[in-house]
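Survey of secondary and tertiary structure
The primary structure of each chain is shown beneath.
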Amino acid sequence: MSFDIHNLQQRYLHLAPKAGEKARVIETDVFIAGSGPIGCAFARNIFDKTASIDKLKDTKIFMSEVGSHSSPRYGWHHKNEVGYQKDIDRFVNGALSPLSVPPVDTYQPLLDPTPSWTPNSANQLIINGNNPQQDPFLNLGAAAATRTVGGMSTHWTCATPHPHEEELPDTFTSSEWDALYKRAKGLVKTTTTAYDHSIRHDIVKRTLSNAYKNDQHREFLSLPLAVERRKDNPEYVTWTGADTILGDLAVPGNSPRFTLKAETRTTAFFHSGNKIHGVILRDIATDQDFVVFAKVYVAACGAILTPQLLWNSGIRPEPLGRYLTEQSMAFCQIALKRSIIDEIEHDPKYAERVKHHHQVAPKDPLPIPFNDPEPQVTQPYNKYHPWHTQIHRDAFSYGDVGPAVDSRLVVDLRWFGYTKINRDNRVEFSKDITPDSDNTGAELLDSYGMPQPTFYFKYGPEDQERNQRMMADMCEVANHLGGYIPGSNPQVMTPGLALHIMGTIRAGTDKKTSVVDKNSKVHDIQNLWLGGNGVIPTAMACNPTLTSICYALQASDSIVDYLGKQ
Ligand SMILES: Cc1cc2nc3c(=O)[nH]c(=O)nc-3n(C[C@H](O)[C@H](O)[C@H](O)COP(=O)(O)OP(=O)(O)OC[C@H]3O[C@@H](n4cnc5c(N)ncnc54)[C@H](O)[C@@H]3O)c2cc1C
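Residues numbered from 1 in each chain as written. Predicted model: local features only at pLDDT ≥ 70, side-chain atom pairs only at ≥ 80, totals over all residues. Heavy atoms only, no water.

Once that is clear, we can look at the overall build of the protein. Helix and strand content of the protein: 11 helices and 23 strands. A buried classification covers 56% of the 566 residues belonging to the protein. Restricting the contact set of the protein to residue pairs at least 6 apart, pairs at least 24 apart contribute 77%. Of the roughly 24,200 Å² of accessible surface on the protein, a fraction of 53% belongs to carbon and sulfur atoms. (Helix = DSSP H or I, 4+ residues; strand = E, 2+ residues; numbered from the N terminus. Buried < 20%, exposed > 50% of the residue type's maximum accessible area, 1.4 Å probe, protein only. Contact = heavy atoms within 4.5 Å. Areas by Shrake-Rupley, 256 points an atom, 1.4 Å probe, with all protein chains shown as cover.)

A separate point is the confidence of the model for the protein. In the predicted model, the protein carries a mean pLDDT of 91, and 89% of its residues have values of at least 70. Across residues 13-17, where pLDDT falls below 50, the model places 12 contacts with residues more than four positions away in sequence or in other chains. Across residues 433-440, confidence stays below pLDDT 50; counting only partners more than four residues off in sequence or on other chains, it has 13 contacts. (pLDDT = per-residue confidence, 0-100.)

Summed over all chains, the structure comprises 37 salt bridges. Of the charged contacts, one joins Glu 228 and Lys 189 as a salt bridge, the two residues approaching to 3.6 Å between their closest N and O atoms. With Glu 228 in strand β8 (residues 225-229) and Lys 189 in the loop between α4 (174-188) and β6 (190-191), the pair connects residues that are 39 residues apart, well separated along the chain. By relative accessible area, which is 33% here, Glu 228 ends up partly exposed. Since its relative accessible area comes to 34%, Lys 189 is described here as partly exposed. (Salt bridge = Lys/Arg side-chain N within 4 Å of Asp/Glu carboxyl O.)

Looking now at the nonpolar core. Counting residues in each nonpolar core, the largest one holds 99 residues, and the members touching the most others are Phe 31 and Phe 269. Looking at which domains feed residues into this core, each of domain 1 (5-75 + 243-320 + 504-564) and domain 2 (190-239 + 327-422 + 460-494) gives three or more. One finds Ile 203, Phe 220, Trp 387 and Met 471 within the second-largest nonpolar core, a separate group that totals 34 residues. (Core = buried A, V, L, I, M, F, W, Y, C linked by side-chain atoms within 4.5 Å. Domains from an automatic or database assignment.)

On to the packing of α4 against helix α11 (residues 545-564). Contact geometry of α4 with α11 gives a least axis separation of 9 Å together with a crossing angle of 105 degrees. Here α4 is positioned roughly perpendicular relative to α11, judged by the angle of their axes. For the pair α4 and α11, the contacting residues are Trp 177, Leu 180, Tyr 181, Arg 183, Ala 184, Lys 185, Leu 187 and Val 188 in the first and Leu 546, Thr 547, Ile 549, Cys 550, Tyr 551, Leu 553, Gln 554 and Asp 557 in the second. (Axes fitted to C-alpha atoms, helices over the stretch in contact; angles between N-to-C directions. Parallel < 35°, antiparallel > 145°, perpendicular 65-115°, else oblique.)

Packed helix pairs are characterised by how far apart their axes lie and by the angle those axes make with each other. Packing of helix α5 (residues 199-211) against helix α8 (residues 338-346) brings their axes to within 11 Å, and their N-to-C directions diverge by 120 degrees. In this view, α5 runs oblique relative to α8, as classed from their interaxial angle. The element α5 and its partner α8 pack so that their crossing is right-handed. Facing α5, whose interface residues are Ile 199, Ile 203, Arg 206 and Thr 207, α8 presents Ile 340, Glu 343 and Ile 344. Here the residues of the contact of α5 with α8 are counted per class, giving 4 nonpolar, 1 polar and 2 charged. (Left-handed = near helix turned anticlockwise from the far one by under 90°. Nonpolar A, V, L, I, M, F, W, Y, C, P; charged D, E, K, R; others polar.)

Written as structure tokens, this is what we have:
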């Protein structure tokens, strides 16, 4: 390889191996940063496509993931644990690390007279996402990252609706979109039938369809979900995780062509001219740096940590981090009303199951079998109701029900609104210590030693007005189902909680307003591709992962073309 690693190490001295150590060098064909569902979609598609091309059949893929393994298969969805499926309220997500925490404005002197160090206005906390530069009024307070093998697909809700045409970017023609969505849905196993046999699902859908039968602008459908009902025991399901996307590659060591290295941070790409020449990585456990040389490079580290990696590499096109959109969210929980329970008890459609339940559990006051699956219903986005809706059950850091109510009665309503595109809504990363240094460090680092993100985000007046209509709509629908559960009354959630940030590395043709092209390749760099929700350039209300997989499939097709021409 003609590339001069020594020169690069001089430039990136602070990243280079410590004195006396040799740089470890790994050679591969495809390098991927990030093992979330998008990085894995790249890996799977490149692996499969190259396998059938003689010249490329030995193509090697090396994936680096800063987080650790949390399951025997790479990136397994944690909700596949039977215990969580028996009691979803136990699944209170703990793997979300906040990205930017503003300084506390309620500092209280310690009452304890022991001399302790306490933060003050001149001496602020900077540990674990604490960020003195973050204006709380411009923050996405609930924005977070999940650093683990599989990324957020180890806990996501798996809602994979097809966006409405108003939400759809014009990156592809409608027939190209259709073909990509078909492939993406197959990859994540999207279905609308996994809950058809559930009494609760059926009654919620029916109640709402009846309530709005004269309203031609509403329809209540089964929520498309990336899930499969288990054949060995249909009481349980298998939620799609990164492992589903990887297929047989999710079994460690299954192919010499695919390597996933966990606890390994991708620190920076080396580039000169219009080409990436290598990438420096750090083994988090040993604190050792090493270098990977590849023919193509992919960054799929999530919507904030992908632009962070580019920023740290000195790749800083003007739109990087700008045009950020995040969905607003309204949430409430209801307990199903008496009349609906009576209907379950007396409807001949459910009679056999209800009778069986009364026989096996004569003391249960409810006619609903204990293993009856939860409802999974949606009213899709349309121009009269321009928001995405989920009428279902899931458990996060909020909305766990506790012992006050039988969880079979509980239905969650989550409404997601889009935010109009605004160039000034953005994430910035901590600046260099010296402005013209070789990107060799930042004033503030996140807990993984990368430049600290700071958000500048506001809803515009149109967004605010739409958000209010969205909240009213959610309450109206909720009232047909039952009463609010105390503590889960209708509420607007902290910005960022949707965890659907988009636009930060957006696709487009104009270099002034986009970072990547239609193939998700960075403008003016011939061998760097990006993936994730950040690529989506439109204001989308529906869950974005399926669309990001479409982009990743198109991108990885173009990578295989590129490799074929080398
Ligand atoms: C509670 C919750 C519910 C959700 N529900 C839905 C839903 O129903 N539908 C939907 O479409 N989406 C949903 N999402 C969002 C969905 O999970 C994300 O859109 C999806 O995981 C994004 O995939 P990704 O691969 O781009 O990023 P991620 O899943 O974030 O994966 C990125 C990976 O990159 C790693 N990484 C970051 N920086 C580096 C670095 N420098 N070096 C090496 N590795 C790095 C991270 O550790 C992480 O593992 C939900 C998310 C959460 C948390």
